[in-house]
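Structural characterization, general
Each chain is listed here by its residues.
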Amino acid sequence: MKSILPLFVFIDACGWQIIRDDPYARALAPNRRRLTSVFGYSSACVPSIVSGGWPDEHRNWCYFVYDPEHSPFRFLRPLRFLPRTVTSRRIFRHWLSRLIKRRLNFRGYFDLYNIPFRHISLFDFSEKRSPLLPGGMNRGENIFDFLLQHRIPYHVSDPARTEKENLESLLGDVKQENIDFGFVYWPDLDGLLHRVGNKSMEIPFKLRLYEQRIERMMAVAREHYAQVRLYIFSDHGMANCTEFLDLQAQISKLGLQMGKDFAAVYDSTMARFWFFNAAAKEKVVNKLGEIPQGRVVPEAELRQLRTYFPDGYFGELIFLVKEGVLIVPSHMGERPIRAMHGYHPSEKQSYAALLSNQPEIPEHIQAIPDIYRLMRADAELAHTANTHGDLEPALHGLPEEELDLAF
(Lines give C-alpha, C1' and ligand atoms only; values in the text may rest on other atoms or scores of the structure.)
Protein backbone atom coordinates (compact mmCIF):
# COMPACT_ATOMS: atom_id res chain seq x y z
CA MET A 1 0.00 0.00 0.00
CA LYS A 2 1.20 3.50 -0.88
CA SER A 3 0.94 6.53 1.39
CA ILE A 4 -0.95 9.29 -0.49
CA LEU A 5 -3.03 9.69 -3.63
CA PRO A 6 -4.39 13.12 -4.61
CA LEU A 7 -7.50 12.80 -6.82
CA PHE A 8 -8.64 15.89 -8.71
CA VAL A 9 -12.05 15.33 -10.29
CA PHE A 10 -12.99 17.99 -12.85
CA ILE A 11 -16.73 18.02 -13.65
CA ASP A 12 -17.34 20.48 -16.46
CA ALA A 13 -20.03 23.14 -15.78
CA CYS A 14 -20.84 21.90 -12.27
CA GLY A 15 -21.08 25.47 -11.02
CA TRP A 16 -21.65 26.84 -7.55
CA GLN A 17 -25.35 27.60 -8.10
CA ILE A 18 -25.94 24.04 -9.31
CA ILE A 19 -24.54 22.37 -6.19
CA ARG A 20 -25.01 25.09 -3.56
CA ASP A 21 -28.35 23.80 -2.23
CA ASP A 22 -27.90 20.20 -3.36
CA PRO A 23 -26.56 17.45 -1.06
CA TYR A 24 -24.12 16.58 -3.84
CA ALA A 25 -20.99 14.87 -2.48
CA ARG A 26 -21.39 16.28 1.04
CA ALA A 27 -20.41 12.96 2.59
CA LEU A 28 -17.46 12.56 0.24
CA ALA A 29 -16.17 16.14 0.21
CA PRO A 30 -17.87 18.19 2.95
CA ASN A 31 -15.71 21.31 2.61
CA ARG A 32 -16.80 23.45 -0.31
CA ARG A 33 -16.09 26.89 -1.69
CA ARG A 34 -17.35 29.14 -4.46
CA LEU A 35 -14.60 30.04 -6.94
CA THR A 36 -14.41 32.92 -9.39
CA SER A 37 -14.22 31.68 -12.96
CA VAL A 38 -12.29 33.10 -15.91
CA PHE A 39 -13.93 35.36 -18.49
CA GLY A 40 -14.43 33.19 -21.54
CA TYR A 41 -15.38 29.64 -22.38
CA SER A 42 -13.78 26.28 -21.65
CA SER A 43 -11.08 27.31 -24.13
CA ALA A 44 -9.95 29.77 -21.44
CA CYS A 45 -11.03 28.00 -18.24
CA VAL A 46 -9.34 24.62 -18.76
CA PRO A 47 -5.92 26.10 -19.64
CA SER A 48 -6.19 28.44 -16.64
CA ILE A 49 -6.92 25.54 -14.27
CA VAL A 50 -4.08 23.32 -15.46
CA SER A 51 -1.49 26.12 -15.70
CA GLY A 52 -2.37 28.42 -12.82
CA GLY A 53 -2.24 31.34 -15.25
CA TRP A 54 -4.78 33.73 -16.72
CA PRO A 55 -5.57 34.14 -20.43
CA ASP A 56 -3.29 37.15 -20.81
CA GLU A 57 -0.46 34.94 -19.57
CA HIS A 58 -1.01 31.64 -21.38
CA ARG A 59 -2.79 33.10 -24.47
CA ASN A 60 -5.52 30.49 -24.55
CA TRP A 61 -8.78 32.40 -24.71
CA CYS A 62 -11.24 31.94 -27.60
CA TYR A 63 -10.98 29.35 -30.34
CA PHE A 64 -11.35 31.22 -33.65
CA VAL A 65 -9.26 34.31 -34.40
CA TYR A 66 -8.87 36.54 -37.45
CA ASP A 67 -5.58 35.48 -39.05
CA PRO A 68 -5.96 34.80 -42.80
CA GLU A 69 -2.19 34.56 -43.27
CA HIS A 70 -2.00 31.50 -41.03
CA SER A 71 -5.45 30.02 -41.68
CA PRO A 72 -5.28 26.25 -42.25
CA PHE A 73 -8.84 26.21 -43.62
CA ARG A 74 -8.40 27.50 -47.17
CA PHE A 75 -9.07 24.05 -48.60
CA LEU A 76 -12.61 24.24 -47.18
CA ARG A 77 -13.70 27.27 -49.21
CA PRO A 78 -15.28 25.19 -52.04
CA LEU A 79 -17.82 23.99 -49.46
CA ARG A 80 -19.36 27.48 -49.60
CA PHE A 81 -21.23 26.34 -52.71
CA LEU A 82 -23.13 23.67 -50.78
CA PRO A 83 -26.66 24.61 -49.64
CA ARG A 84 -27.03 25.86 -46.06
CA THR A 85 -29.56 23.10 -45.46
CA VAL A 86 -26.53 20.80 -45.57
CA THR A 87 -23.70 22.90 -44.13
CA SER A 88 -25.71 24.16 -41.14
CA ARG A 89 -26.62 20.66 -39.97
CA ARG A 90 -24.87 19.69 -36.75
CA ILE A 91 -24.22 16.11 -37.85
CA PHE A 92 -22.46 17.35 -41.02
CA ARG A 93 -20.27 19.76 -39.03
CA HIS A 94 -19.48 17.11 -36.40
CA TRP A 95 -18.12 14.52 -38.80
CA LEU A 96 -16.34 17.09 -40.94
CA SER A 97 -14.65 18.46 -37.79
CA ARG A 98 -13.34 15.00 -36.92
CA LEU A 99 -11.87 14.57 -40.41
CA ILE A 100 -10.27 18.02 -40.37
CA LYS A 101 -8.79 17.50 -36.90
CA ARG A 102 -7.09 14.35 -38.15
CA ARG A 103 -5.86 16.00 -41.35
CA LEU A 104 -4.45 19.06 -39.54
CA ASN A 105 -3.03 16.98 -36.69
CA PHE A 106 -4.73 19.09 -34.03
CA ARG A 107 -4.16 17.54 -30.59
CA GLY A 108 -6.64 19.58 -28.55
CA TYR A 109 -10.36 20.08 -28.78
CA PHE A 110 -11.56 21.08 -32.24
CA ASP A 111 -14.94 21.88 -33.75
CA LEU A 112 -15.87 23.92 -36.84
CA TYR A 113 -19.07 24.95 -35.09
CA ASN A 114 -21.05 27.22 -37.43
CA ILE A 115 -18.31 29.31 -39.08
CA PRO A 116 -19.54 30.08 -42.65
CA PHE A 117 -17.43 28.36 -45.28
CA ARG A 118 -17.34 31.54 -47.36
CA HIS A 119 -15.39 33.17 -44.51
CA ILE A 120 -13.56 30.18 -43.02
CA SER A 121 -10.22 31.10 -44.66
CA LEU A 122 -10.16 34.36 -42.70
CA PHE A 123 -9.67 32.51 -39.44
CA ASP A 124 -7.16 30.41 -37.57
CA PHE A 125 -7.89 28.08 -34.64
CA SER A 126 -5.99 28.97 -31.48
CA GLU A 127 -5.93 25.63 -29.65
CA LYS A 128 -3.91 23.21 -31.75
CA ARG A 129 -2.50 21.35 -28.73
CA SER A 130 -4.25 19.76 -25.79
CA PRO A 131 -3.98 21.56 -22.41
CA LEU A 132 -4.35 18.11 -20.82
CA LEU A 133 -0.96 17.03 -22.17
CA PRO A 134 2.61 18.18 -21.53
CA GLY A 135 3.51 20.96 -23.93
CA GLY A 136 -0.18 21.71 -24.41
CA MET A 137 -0.22 25.42 -23.63
CA ASN A 138 0.05 28.25 -26.15
CA ARG A 139 2.47 29.89 -23.73
CA GLY A 140 4.11 28.53 -20.60
CA GLU A 141 3.74 25.19 -18.86
CA ASN A 142 0.94 23.23 -17.21
CA ILE A 143 0.65 20.74 -14.36
CA PHE A 144 1.46 17.85 -16.70
CA ASP A 145 4.74 19.50 -17.71
CA PHE A 146 5.51 19.82 -14.00
CA LEU A 147 4.70 16.18 -13.30
CA LEU A 148 6.80 15.01 -16.23
CA GLN A 149 9.78 17.18 -15.28
CA HIS A 150 9.68 15.93 -11.67
CA ARG A 151 9.12 12.33 -12.72
CA ILE A 152 5.88 12.09 -10.78
CA PRO A 153 3.77 9.23 -12.20
CA TYR A 154 0.23 10.37 -12.92
CA HIS A 155 -3.06 9.53 -14.58
CA VAL A 156 -5.04 11.98 -16.71
CA SER A 157 -8.32 11.37 -18.53
CA ASP A 158 -8.35 11.10 -22.30
CA PRO A 159 -11.06 13.44 -23.72
CA ALA A 160 -11.48 11.05 -26.67
CA ARG A 161 -12.80 8.38 -24.28
CA THR A 162 -16.16 8.23 -22.55
CA GLU A 163 -16.52 9.13 -18.90
CA LYS A 164 -17.01 5.48 -18.00
CA GLU A 165 -13.93 4.42 -19.97
CA ASN A 166 -11.84 7.08 -18.24
CA LEU A 167 -13.08 5.94 -14.84
CA GLU A 168 -12.10 2.35 -15.55
CA SER A 169 -8.70 3.47 -16.82
CA LEU A 170 -8.06 5.41 -13.62
CA LEU A 171 -9.13 2.49 -11.42
CA GLY A 172 -6.74 0.24 -13.30
CA ASP A 173 -3.83 2.55 -12.48
CA VAL A 174 -4.97 2.86 -8.86
CA LYS A 175 -5.11 -0.90 -8.41
CA GLN A 176 -1.61 -1.21 -9.81
CA GLU A 177 -0.44 1.51 -7.41
CA ASN A 178 1.62 3.02 -10.18
CA ILE A 179 0.48 6.67 -9.89
CA ASP A 180 1.08 9.45 -7.36
CA PHE A 181 -1.48 11.86 -8.84
CA GLY A 182 -4.86 11.48 -10.56
CA PHE A 183 -6.68 13.99 -12.78
CA VAL A 184 -10.18 12.98 -13.88
CA TYR A 185 -12.12 14.99 -16.46
CA TRP A 186 -15.85 14.41 -16.95
CA PRO A 187 -17.46 16.74 -19.55
CA ASP A 188 -20.95 15.26 -19.99
CA LEU A 189 -22.76 17.50 -17.50
CA ASP A 190 -21.86 20.51 -19.64
CA GLY A 191 -23.57 19.02 -22.68
CA LEU A 192 -26.61 17.99 -20.65
CA LEU A 193 -27.01 21.48 -19.20
CA HIS A 194 -26.81 23.04 -22.66
CA ARG A 195 -29.67 20.77 -23.76
CA VAL A 196 -32.03 20.85 -20.77
CA GLY A 197 -31.06 23.87 -18.66
CA ASN A 198 -30.13 24.12 -15.00
CA LYS A 199 -33.64 23.54 -13.60
CA SER A 200 -34.25 20.16 -15.22
CA MET A 201 -34.70 17.12 -12.98
CA GLU A 202 -32.10 15.41 -15.14
CA ILE A 203 -29.41 17.46 -13.38
CA PRO A 204 -29.86 16.05 -9.84
CA PHE A 205 -30.03 12.58 -11.40
CA LYS A 206 -26.69 13.20 -13.12
CA LEU A 207 -25.18 14.45 -9.85
CA ARG A 208 -26.26 11.24 -8.11
CA LEU A 209 -24.52 9.27 -10.85
CA TYR A 210 -21.32 11.23 -10.30
CA GLU A 211 -21.58 10.58 -6.56
CA GLN A 212 -21.77 6.85 -7.19
CA ARG A 213 -18.72 6.96 -9.43
CA ILE A 214 -16.70 8.98 -6.92
CA GLU A 215 -17.76 6.66 -4.08
CA ARG A 216 -16.47 3.71 -6.09
CA MET A 217 -13.30 5.58 -6.95
CA MET A 218 -12.64 6.40 -3.30
CA ALA A 219 -13.37 2.85 -2.14
CA VAL A 220 -10.87 1.39 -4.59
CA ALA A 221 -8.27 4.07 -3.86
CA ARG A 222 -8.46 3.50 -0.10
CA GLU A 223 -7.61 -0.15 -0.63
CA HIS A 224 -4.28 0.89 -2.14
CA TYR A 225 -3.41 4.26 -0.57
CA ALA A 226 -3.40 5.14 3.13
CA GLN A 227 -4.64 8.68 2.47
CA VAL A 228 -6.79 9.78 -0.47
CA ARG A 229 -6.98 13.54 -0.90
CA LEU A 230 -10.12 14.31 -2.90
CA TYR A 231 -10.87 17.54 -4.75
CA ILE A 232 -13.99 17.90 -6.91
CA PHE A 233 -14.11 21.09 -8.95
CA SER A 234 -15.57 22.83 -11.99
CA ASP A 235 -14.64 25.56 -14.43
CA HIS A 236 -17.89 27.54 -14.58
CA GLY A 237 -21.64 27.22 -14.15
CA MET A 238 -24.52 27.43 -16.63
CA ALA A 239 -27.25 30.04 -17.12
CA ASN A 240 -30.63 29.36 -18.71
CA CYS A 241 -31.19 31.30 -21.94
CA THR A 242 -34.28 33.50 -21.72
CA GLU A 243 -33.67 35.92 -24.60
CA PHE A 244 -32.24 35.52 -28.09
CA LEU A 245 -30.27 38.19 -29.96
CA ASP A 246 -29.67 38.07 -33.72
CA LEU A 247 -26.61 40.29 -33.64
CA GLN A 248 -25.38 39.29 -37.09
CA ALA A 249 -28.58 40.59 -38.68
CA GLN A 250 -28.14 43.98 -37.03
CA ILE A 251 -24.50 44.30 -38.08
CA SER A 252 -25.28 43.16 -41.63
CA LYS A 253 -27.65 46.13 -42.05
CA LEU A 254 -24.69 48.51 -41.79
CA GLY A 255 -23.62 47.71 -45.36
CA LEU A 256 -20.12 46.63 -44.38
CA GLN A 257 -18.22 43.81 -46.09
CA MET A 258 -16.79 40.97 -44.03
CA GLY A 259 -13.09 40.58 -44.81
CA LYS A 260 -12.81 44.03 -46.40
CA ASP A 261 -14.21 46.46 -43.82
CA PHE A 262 -14.11 44.27 -40.75
CA ALA A 263 -13.99 40.71 -39.45
CA ALA A 264 -16.00 39.25 -36.62
CA VAL A 265 -16.47 36.05 -34.69
CA TYR A 266 -19.96 35.76 -33.21
CA ASP A 267 -19.59 33.54 -30.17
CA SER A 268 -22.60 32.51 -28.09
CA THR A 269 -22.30 35.29 -25.50
CA MET A 270 -19.84 37.71 -27.05
CA ALA A 271 -18.85 39.09 -30.42
CA ARG A 272 -15.23 39.89 -31.24
CA PHE A 273 -14.39 42.44 -33.96
CA TRP A 274 -11.37 43.45 -36.02
CA PHE A 275 -11.55 46.65 -38.11
CA PHE A 276 -9.81 47.60 -41.36
CA ASN A 277 -10.96 51.22 -41.61
CA ALA A 278 -12.15 53.92 -39.22
CA ALA A 279 -15.58 54.29 -40.84
CA ALA A 280 -16.40 50.62 -40.29
CA LYS A 281 -15.36 50.80 -36.64
CA GLU A 282 -17.49 53.88 -36.05
CA LYS A 283 -20.56 52.27 -37.59
CA VAL A 284 -20.19 49.05 -35.60
CA VAL A 285 -19.49 50.83 -32.31
CA ASN A 286 -22.51 53.08 -32.76
CA LYS A 287 -24.76 50.13 -33.55
CA LEU A 288 -23.52 48.11 -30.57
CA GLY A 289 -24.26 51.10 -28.35
CA GLU A 290 -27.93 50.84 -29.36
CA ILE A 291 -28.29 47.20 -28.30
CA PRO A 292 -29.64 46.95 -24.73
CA GLN A 293 -28.86 43.23 -24.32
CA GLY A 294 -25.12 43.82 -24.10
CA ARG A 295 -22.22 46.25 -23.99
CA VAL A 296 -18.71 46.83 -25.28
CA VAL A 297 -16.22 45.76 -22.61
CA PRO A 298 -13.73 48.61 -22.09
CA GLU A 299 -9.98 48.04 -22.14
CA ALA A 300 -9.61 48.75 -18.42
CA GLU A 301 -12.13 46.02 -17.58
CA LEU A 302 -10.51 43.55 -19.96
CA ARG A 303 -7.21 44.20 -18.20
CA GLN A 304 -8.86 43.60 -14.84
CA LEU A 305 -10.32 40.33 -16.14
CA ARG A 306 -6.88 39.34 -17.46
CA THR A 307 -8.21 39.03 -21.02
CA TYR A 308 -6.70 42.10 -22.65
CA PHE A 309 -4.32 41.41 -25.55
CA PRO A 310 -2.47 44.51 -26.83
CA ASP A 311 -1.95 42.94 -30.26
CA GLY A 312 -5.71 42.43 -30.71
CA TYR A 313 -5.14 38.76 -31.46
CA PHE A 314 -8.50 37.66 -30.04
CA GLY A 315 -10.32 40.81 -31.13
CA GLU A 316 -9.89 44.58 -31.12
CA LEU A 317 -13.34 45.12 -29.64
CA ILE A 318 -15.32 42.76 -27.40
CA PHE A 319 -19.11 42.96 -27.12
CA LEU A 320 -20.58 40.95 -24.23
CA VAL A 321 -24.24 40.17 -23.59
CA LYS A 322 -26.02 39.98 -20.24
CA GLU A 323 -26.52 36.67 -18.46
CA GLY A 324 -29.43 34.78 -20.01
CA VAL A 325 -29.06 36.34 -23.48
CA LEU A 326 -27.92 34.05 -26.30
CA ILE A 327 -26.49 35.33 -29.57
CA VAL A 328 -28.24 33.18 -32.16
CA PRO A 329 -27.67 32.40 -34.93
CA SER A 330 -23.97 32.68 -34.18
CA HIS A 331 -20.72 31.16 -35.34
CA MET A 332 -21.18 28.67 -32.50
CA GLY A 333 -24.64 27.47 -33.48
CA GLU A 334 -27.49 28.01 -35.90
CA ARG A 335 -30.32 27.29 -33.46
CA PRO A 336 -31.21 28.23 -29.87
CA ILE A 337 -30.11 26.05 -26.95
CA ARG A 338 -31.52 25.89 -23.44
CA ALA A 339 -28.54 27.17 -21.47
CA MET A 340 -25.12 28.74 -21.96
CA HIS A 341 -21.99 29.92 -20.13
CA GLY A 342 -19.31 32.46 -21.04
CA TYR A 343 -20.94 35.47 -19.41
CA HIS A 344 -19.19 37.98 -17.16
CA PRO A 345 -17.45 36.15 -14.25
CA SER A 346 -19.44 38.24 -11.74
CA GLU A 347 -22.78 36.95 -13.04
CA LYS A 348 -24.61 34.62 -10.65
CA GLN A 349 -24.36 31.47 -12.75
CA SER A 350 -20.71 31.97 -13.74
CA TYR A 351 -19.11 30.90 -10.47
CA ALA A 352 -17.32 27.57 -10.25
CA ALA A 353 -17.12 25.25 -7.23
CA LEU A 354 -14.44 23.41 -5.28
CA LEU A 355 -15.26 20.55 -2.88
CA SER A 356 -12.75 18.60 -0.80
CA ASN A 357 -12.43 15.98 1.91
CA GLN A 358 -9.51 17.92 3.37
CA PRO A 359 -10.10 19.69 6.72
CA GLU A 360 -9.63 23.14 5.22
CA ILE A 361 -9.41 24.81 1.84
CA PRO A 362 -6.71 27.51 2.08
CA GLU A 363 -8.12 31.05 2.02
CA HIS A 364 -6.00 32.09 -0.95
CA ILE A 365 -7.75 29.54 -3.18
CA GLN A 366 -10.38 31.91 -4.59
CA ALA A 367 -10.37 31.52 -8.39
CA ILE A 368 -10.09 28.55 -10.74
CA PRO A 369 -6.42 29.22 -11.68
CA ASP A 370 -5.59 28.69 -7.98
CA ILE A 371 -6.47 25.00 -8.35
CA TYR A 372 -3.08 24.57 -10.02
CA ARG A 373 -1.37 25.43 -6.73
CA LEU A 374 -3.35 22.70 -4.96
CA MET A 375 -2.45 20.18 -7.63
CA ARG A 376 1.24 21.00 -7.58
CA ALA A 377 1.51 20.94 -3.78
CA ASP A 378 -0.40 17.67 -3.45
CA ALA A 379 1.57 16.01 -6.25
CA GLU A 380 4.86 16.86 -4.55
CA LEU A 381 3.56 15.76 -1.17
CA ALA A 382 2.29 12.43 -2.49
CA HIS A 383 5.36 11.63 -4.57
CA THR A 384 7.74 12.29 -1.69
CA ALA A 385 5.62 10.28 0.74
CA ASN A 386 5.20 7.40 -1.68
CA THR A 387 8.91 7.37 -2.48
CA HIS A 388 9.98 7.37 1.16
CA GLY A 389 7.02 5.36 2.41
CA ASP A 390 6.30 7.87 5.17
CA LEU A 391 4.41 11.17 5.38
CA GLU A 392 6.91 12.93 7.64
CA PRO A 393 9.77 13.10 5.11
CA ALA A 394 7.26 14.34 2.57
CA LEU A 395 6.37 17.34 4.70
CA HIS A 396 9.97 18.14 5.57
CA GLY A 397 11.45 20.70 3.23
CA LEU A 398 8.21 21.79 1.56
CA PRO A 399 8.00 25.58 1.10
CA GLU A 400 5.81 27.22 3.74
CA GLU A 401 3.04 28.18 1.32
CA GLU A 402 2.89 24.63 -0.05
CA LEU A 403 2.90 23.25 3.51
CA ASP A 404 -0.20 25.36 4.12
CA LEU A 405 -1.79 23.83 1.02
CA ALA A 406 -1.06 20.35 2.27
CA PHE A 407 -3.40 20.77 5.26
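Read on for a plain summary of the structure.

Cut-offs and rules
- Residues numbered from 1 in each chain as written.
- Predicted model: local features only at pLDDT ≥ 70, side-chain atom pairs only at ≥ 80, totals over all residues.
- Heavy atoms only, no water.
- Disulfide = S-S within 2.5 Å.
- Buried < 20%, exposed > 50% of the residue type's maximum accessible area, 1.4 Å probe, protein only.
- Helix = DSSP H or I, 4+ residues; strand = E, 2+ residues; numbered from the N terminus.
- Contact = heavy atoms within 4.5 Å.
- Axes fitted to C-alpha atoms, helices over the stretch in contact; angles between N-to-C directions.
- Parallel < 35°, antiparallel > 145°, perpendicular 65-115°, else oblique.
- Nonpolar A, V, L, I, M, F, W, Y, C, P; charged D, E, K, R; others polar.
- Phe/Tyr/Trp six-rings, centres within 6.5 Å; stacked < 30°, edge-to-face > 60°.
- Lys NZ or Arg CZ within 6 Å of the ring centre and 35° of its normal.
- Pairing = 2+ DSSP bridges.

One pass over the full model with this rule turns up 0 disulfides. No disulfide involves Cys14; its sulfur sits 14 Å from that of Cys45, the nearest cysteine. Looking at Cys45, it has no disulfide partner, and the nearest cysteine sulfur is the one in Cys62, 10 Å off. The class of Cys45 is buried, set by a relative accessible area of 0%.

What follows concerns the environment of Asn178. By the element assignment, Asn178 lies in the loop between helix 7 (163–176) and strand 6 (181–186). Taking relative accessible area as the criterion, Asn178 reaches 37% and is therefore assigned partly exposed. Asn178 sits 24 residues away from Tyr154 along the chain, and the two C-alpha atoms are 8.0 Å apart. Not counting residues within four places of it along the chain, the set of residues in contact with Asn178 comprises Lys2, Pro153, Asp173 and Tyr225.

Attention now goes to the packing of helix 8 (residues 188–196) against helix 9 (residues 202–222). To describe two helices that pack against each other, one gives the angle between their axes and the distance between the axes. In the contact formed by helix 8 and helix 9, the axes pass within 10 Å of each other and the chain directions differ by 170 degrees. Between helix 8 and helix 9, the crossing angle belongs to the class labelled roughly antiparallel. The segment helix 8 lies against helix 9, with Asp188, Leu189, Leu192, Leu193 and Val196 engaging Glu202, Ile203, Lys206, Leu207 and Tyr210. Its residues assigned to classes, the contact of helix 8 with helix 9 comprises 7 nonpolar, no polar and 3 charged.

Another point: the packing of aromatic side chains. The full count for this structure, using the stated rule, is 29 aromatic pairs. For the pair Phe262 and Phe273, a centre-to-centre distance of 6.4 Å together with 35 degrees between the ring planes defines the contact as tilted. Here Phe273 lies in strand 11 (residues 270–275) and Phe262 lies in strand 10 (residues 262–266), a separation of 11 residues in the sequence. Grouping residues by exposure puts Phe262 and Phe273 together as buried. Ring pairs connect the aromatic residues Phe8, Phe10, Phe144, Tyr154, Phe181, Phe183, Tyr185, Tyr231 and Phe233, which therefore count as one cluster. Sitting over the face of the ring of Tyr351, Arg34 holds its NZ or CZ atom 3.7 Å from the ring centroid. Note that Arg103 overlies the ring of Phe75, its terminal NZ or CZ placed 3.8 Å from the centroid.

What follows is about the pairing of strand 13 (residues 317–321). Counting buried residues in strand 13 gives 5 out of 5 residues, a clear majority hidden from the surface. Side chains Leu317, Phe319 and Val321 project from strand 13 onto one buried face, and the interleaved Ile318 and Leu320 project onto a second face that is buried too. Summarising the sheet, strand 11 and strand 13 pair through 4 bridges and their orientation is antiparallel. The residue bridging Arg272 from the neighbouring strand is Ile318, located in strand 13. As defined by bridge partners, strand 12 (residues 294–296) adjoins strand 13 across 3 bridges and the pair is classed as antiparallel. Its bridge partner being in strand 13, Arg295 is matched across the sheet by Leu320.

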